[in-house]
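# Notes for the structure review
Spelled out, the chains give:
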Amino acid sequence: MQPNDPILKLRDVQVHFPVKTGVFKRVTGHVRAVDGVDLDVRRGEVLGLVGESGCGKTTLGKAILQLVRATQGTVTYSGEDGETELTSLDDAGLFRFRKRLQIVFQDPHSSLNPAFTIFGSLEDPLRHYGVKTREERRKIVGDLLEAVNMRRESMDRYPHEFSGGQRQRIGIARALSIEPELIVCDEAVSALDVSIQAQVLQLLMELKREKNLTYVFITHDLSVTEYLCDRIAVMYLGKIVELCDAEDLYANTLHPYSQALLSAIPVADLDKKSRRIVLQGDVPSPVNPPSGCPFHPRCRYVVDRCKTEVPELRRFKSAKGEHMAACHLIDQPLAEQPLRTESP
Amino acid sequence: MANEVALTVNGLKTYIYTNNRCNRALDGVSFEIRQGKTLCIVGESGCGKSVTADSIMQLLPTLSRIEDGEITYHGPDGPVRIDQLPRDGAKMRAIRGKEIAMIFQDPMTALNPVYSIGFQIKEMLKYHTGLGRSDRHSKAIDLLRSMGIPLPEKRVNEYPHLYSGGMRQRAMIAIAMSCNPRILIADEPTTALDVTIQAQIFELMDTLKRDHGTAIMLITHDMGVVAELADDVAVMYMGNIVEAGPVGKVLRNPVHPYTRALLESIPVLGRGKDQEIKAIPGQTPDPYNRPKGCQFADRCAYRIGACDQMPDETQVAPDHRVTCWRYEEFAADAAE
């Protein structure tokens with residue numbers, strides 16, 4: 001097992017949710033939350049999944065953990081005991097793998113049961129995975145709390161007694177409790193104040209170094225991904241539009257959507273005021289995605305081909321490993337393309 | 001009219017009472033908003049930024065009181081002391097919405113789901129202007145069009161749930177701008193929105209400021225937003241303004257330890273993976289159990305004995321003020 005071997009391989013993963021209408025709940029359409037994603041997560045890396053709300057990043061995170069089952073496609077886990085196709089396992093078969101894949105949720109206020117003490121919430125996974133005696137569990141929970149810079153005694157208190165940042169740290173402790181190899185962080189710092197956010201980010205990085213973890217970091221905040229991630233996948237309407245080394249994304253942005261997304265972020269640096277590319281309109285509905293390239297109705301460089309032909313994720317030359325992007329126009333200099341004059 | 005002051009807040013103290021306890025939410029806040037300029041108020045949750053906005057709009061909860069200080073609105077008919085007006089009085093109702101308008105954080109809850117967007121815009125026009133019924137309708141359509149909402153003739157009769165998040169926020173700005181207010185207060189207007197939609201809203205607010213000379217008070221927790229939009233900035237911490245001044249001075253040469261710590265704790269886009277971020281230790285104090293002196297002292301790396309007493313506001317430069325005992329050292333440091 002080399003450090004850069006893929007720990008997870010996603011092949012053509014699709015998650016479609018049926019839309020039911022009327023008294024008889026007839027299925028009238030499908031929300032294509034994730035629409036054909038190919039992705040390798042390498043052992044020991046931090047992979048950022050970024051995109052706007054509704055682009056399918058959370059659903060993809062849940063599909064990795066089999067919390068929602070993929071409608072089509074495979075998720076393959078490879079560990080010391082060879083490769084296992086998680087998508088073909090039933091619940092009992094998954095039990096063994098749940099231990100290795102964990103999640104930290106966005107909202108620290110709703111992801112802890114208010115009726116349980118912290119110990120109650122944290123001991124559950126331990127009990128299911130074979131820590132039989134209560135004394136042992138108390139010791140492990142105490143150690144976990146210390147690992148996330150909290151006091152041992154906090155375990156007998158209830159979630160409402162803690163601040164948002166502390167609760168998020170408890171959520172991280174819970175994900176760590178059964179020593180997973182991969183943690184999906186779903187907007188783990190988005191609900192926190194900036195001064196607390198920095199504490200949690202530093203904690204996540206320390207834990208990664210100590211325990212040799214792999215993170216899939218789902219967020220909409222591109223400043224955080226730049227700081228934290230090794231590779232970044234930009235999603236739009238259920239598809240990955242750009243996937244590359246984190247530094248490369250900022251230095252050499254290829255896809256027009258990533259360019260617009262990056263330019264839209266307010267930068268806390270007065271010397272770096274750049275011109276904003278303001279996208280017109282909203283993200284289209286994933287029930288009825290546009291034909292061809294999903295981004296074409298909002299794209300500045302759109303040509304006829306974009307409206308009919310779905311662009312493949314193609315590989316481009318880059319100094320930093322591979323750089324993938326899904327756009328027809330990248331071979332040509334973008335400035336020469338006709339600019340769109342009217343909005344839809 | 002560019003530098004005309006639209007609103008002055010002086011020594012404002014607003015206390016909120018719950019469960020027989022008193023939260024000194026604002027403890028002596030002073031600032032002014034100028035015509036055609038954007039003042040950004042920045043701070044973490046619980047620092048009193050929203051209470052400041054609610055005090056100006058007289059929208060505070062029932063069990064709260066402006067204990068001290070003055071809010072003066074410099075209207076076309078001379079100055080008006082807003083803090084002395086009855087909350088529901090005719091005068092306050094004439095100012096609220098017409099002269100000073102507000103955009104709220106969450107457009108999903110701020111709009112009434114049982115009335116159409118058009119009705120909610122026309123309601124403003126009905127009470128604040130003398131327009132007739134059909135004029136109001138066409139004005140509502142014009143407003144939606146100027147906010148960039150497609151098919152305004154059709155959309156005007158639709159209900160909020162048919163609008164997307166960004167469109168709801170634009171509809172709310174349309175309501176706020178319907179009477180051409182002189183001051184626009186925006187309480188975290190884009191926190192619930194995606195960055196590409198946020199860019200659209202900011203573009204819109206910049207246009208309003210340019211074309212109408214509207215004075216904008218923008219409440220945010222995002223230093224990035226401050227750097228992009230603000231002319232002036234006031235940094236708040238636990239009910240006090242710890243540092244205020246033009247955005248160039250405060251962001252480039254911060255002299256309060258909290259401002260400095262805040263700027264050091266955020267990852268900045270474009271600085272790469274090697275940038276160092278420093279977390280601020282601890283957490284904001286319990287508002288019912290505040291530190292005695294400087295509110296930031298417990299988390300401050302530069303704490304000295306004098307910090308047990310609240311420092312006075314000092315002018316570092318004519319337009320740059322700070323509340324810290326040791327500001328001189330930082331000012332000298334920044335000048336280097």
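Residues numbered from 1 in each chain as written. Chains lettered and ligands numbered in written order. Predicted model: local features only at pLDDT ≥ 70, side-chain atom pairs only at ≥ 80, totals over all residues. Heavy atoms only, no water.

Tallying secondary structure elements over chain A gives 10 helices and 12 strands in all. Taking 2.2 N^0.38 as the reference for a compact globule, 344 residues should give roughly 20 Å; the C-alpha atoms of chain A span a radius of gyration of 21 Å, in line with that estimate. Across its three principal axes, chain A shows a C-alpha extent of roughly 70 × 55 × 45 Å. Within the span of chain A, comprising 344 residues, buried residues form 55% of the whole. Across chain A, every contact between residues at least 6 apart in sequence was considered, and the portion connecting residues at least 24 apart equals 63%. (Helix = DSSP H or I, 4+ residues; strand = E, 2+ residues; numbered from the N terminus. Rg over C-alpha atoms; globule rule 2.2 N^0.38 Å. Buried < 20%, exposed > 50% of the residue type's maximum accessible area, 1.4 Å probe, protein only. Contact = heavy atoms within 4.5 Å.)

Of the regular secondary structure elements, chain B holds 12 helices and 12 strands. For chain B, whose C-alpha radius of gyration is 21 Å, the value lies close to the compact-globule estimate of 20 Å for 336 residues. Taken along its principal axes, the extent of the C-alpha atoms in chain B is 65 × 50 × 40 Å. Sequence separation of at least 24 residues holds for 63% of the intrachain contacts in chain B that already meet a minimum separation of 6. If you sum the accessible surface of chain B, you get close to 14500 Å²; carbon and sulfur atoms cover 49% of it. Counting 38 positive and 42 negative side-chain charges, chain B places the centres of these two groups 5 Å from one another. (Areas by Shrake-Rupley, 256 points an atom, 1.4 Å probe, with all protein chains shown as cover. Lys, Arg positive; Asp, Glu negative; His and termini not counted. Charge placed at Lys NZ, Arg CZ, Asp CG, Glu CD.)

With 42 residues of chain A in contact, the opposing surface of chain B contributes 46 residues. Both sides of the chain A and chain B interface together cover about 3900 Å² of buried area, and 54% of this is carbon and sulfur. Inspection of the chain A/chain B interface yields 0 salt bridges. For the pair chain A and chain B, the interface holds 8 residue pairs in polar contact (both at pLDDT 80 or more). Of all the secondary-structure elements, those providing two or more residues to the side of chain A that touches chain B are α6 (194–211), α7 (222–228), α8 (246–251) and α9 (256–264) of chain A. For the side of chain A that touches chain B, the per-class residue count stands at 21 nonpolar, 9 polar and 12 charged. (Buried area = accessible area lost by both parts, 1.4 Å probe. Salt bridge = Lys/Arg side-chain N within 4 Å of Asp/Glu carboxyl O. Polar contact = N/O pair within 3.5 Å; in protein donor to acceptor, adjacent residues only side chain to side chain. Nonpolar A, V, L, I, M, F, W, Y, C, P; charged D, E, K, R; others polar.)

So, on to the packing of aromatic side chains. For any pair of aromatic rings, geometry is given as the distance between the ring centres together with the angle between the planes. Residue and element names in this part refer to chain A. For the coordinates displayed, the defined rule picks out 10 aromatic pairs over all chains. Between tyrosine 236 and phenylalanine 295 the ring centres are 5.2 Å apart and the planes differ by 85 degrees, which places this aromatic pair in the edge-to-face class. With tyrosine 236 in strand β9 (residues 231–236) and phenylalanine 295 in the loop between α9 and α10 (304–308), this residue pair connects regions lying 59 residues apart in the sequence. Residue tyrosine 236 shares its accessibility class with phenylalanine 295, and that shared class is buried. (Phe/Tyr/Trp six-rings, centres within 6.5 Å; stacked < 30°, edge-to-face > 60°.)

According to the domain assignment, chain B consists of domain 1 (109–180) and domain 2 (256–335). Put simply, the middle of domain 1 of chain B and the middle of domain 2 of chain B, counted by C-alpha atoms, are 43 Å apart. (Domains from an automatic or database assignment.)

Further remarks concern the sheet that holds β9(A). Residues and elements named next belong to chain A. Strand order in the open sheet formed by 8 strands is β6-β7-β8-β3-β9-β10-β12-β11, and the pairing between neighbours is mixed. Every other strand in the sheet has two partners, leaving β6 (101–104) and β11 (314–316) as the edge strands with one partner each. Adjacent strand axes in the sheet meet at a mean angle of 20 degrees when their direction is disregarded. Pairing between strand β3 (residues 46–50) and β9: 4 bridges, direction parallel. Looking at β9, one finds that valine 50 is bridged to valine 234. Where α6 meets the sheet, it contacts β3, β7 (182–186) and β8 (214–219), and its direction lies at approximately 160 degrees from that of β8. (Pairing = 2+ DSSP bridges. Axes fitted to C-alpha atoms, helices over the stretch in contact; angles between N-to-C directions.)

Moving on, we come to the environment of Met324(A). Following the sequence through the fold, Met324(A) ends up in strand β12 (residues 323–325). If we ignore the near neighbours within four places in the chain, the residues touching Met324(A) are Val241(A), Glu242(A), Leu243(A), Leu313(A), Arg314(A) and Arg315(A).

All names here are of chain A. Taking strand neighbours across the sheet as the criterion, the 4 strands line up as β2-β1-β4-β5 in an open arrangement whose pairing is antiparallel. The open sheet terminates on both sides in strands that have one partner only, identified here as β2 (26–42) and β5 (82–85). The sheet shows a mean angle of 25 degrees between the axes of neighbouring strands, direction not considered. Where strand β1 (residues 6–21) meets strand β4 (residues 72–79), 5 bridges bridge the pair, whose relative direction is antiparallel.

All names here are of chain A. By secondary structure assignment, the location of threonine 214 is in strand β8. By relative accessible area, threonine 214 is classed as buried at 1%. Beyond its immediate stretch of four places on either side in the chain, threonine 214 contacts Ile7, Val41, Arg42, Arg43, Gly44, Glu45, Glu181, Leu182 and Ile183.

All names here are of chain A. Backbone geometry places lysine 25, a non-glycine residue, at a positive phi of 55 degrees. Looking at the element boundaries, lysine 25 is found in the loop between β1 and β2. If you check the backbone angles, asparagine 149 has positive phi at about 60 degrees while not being a glycine. Along the polypeptide, asparagine 149 turns up in the loop between α4 (134–147) and α5 (164–176).

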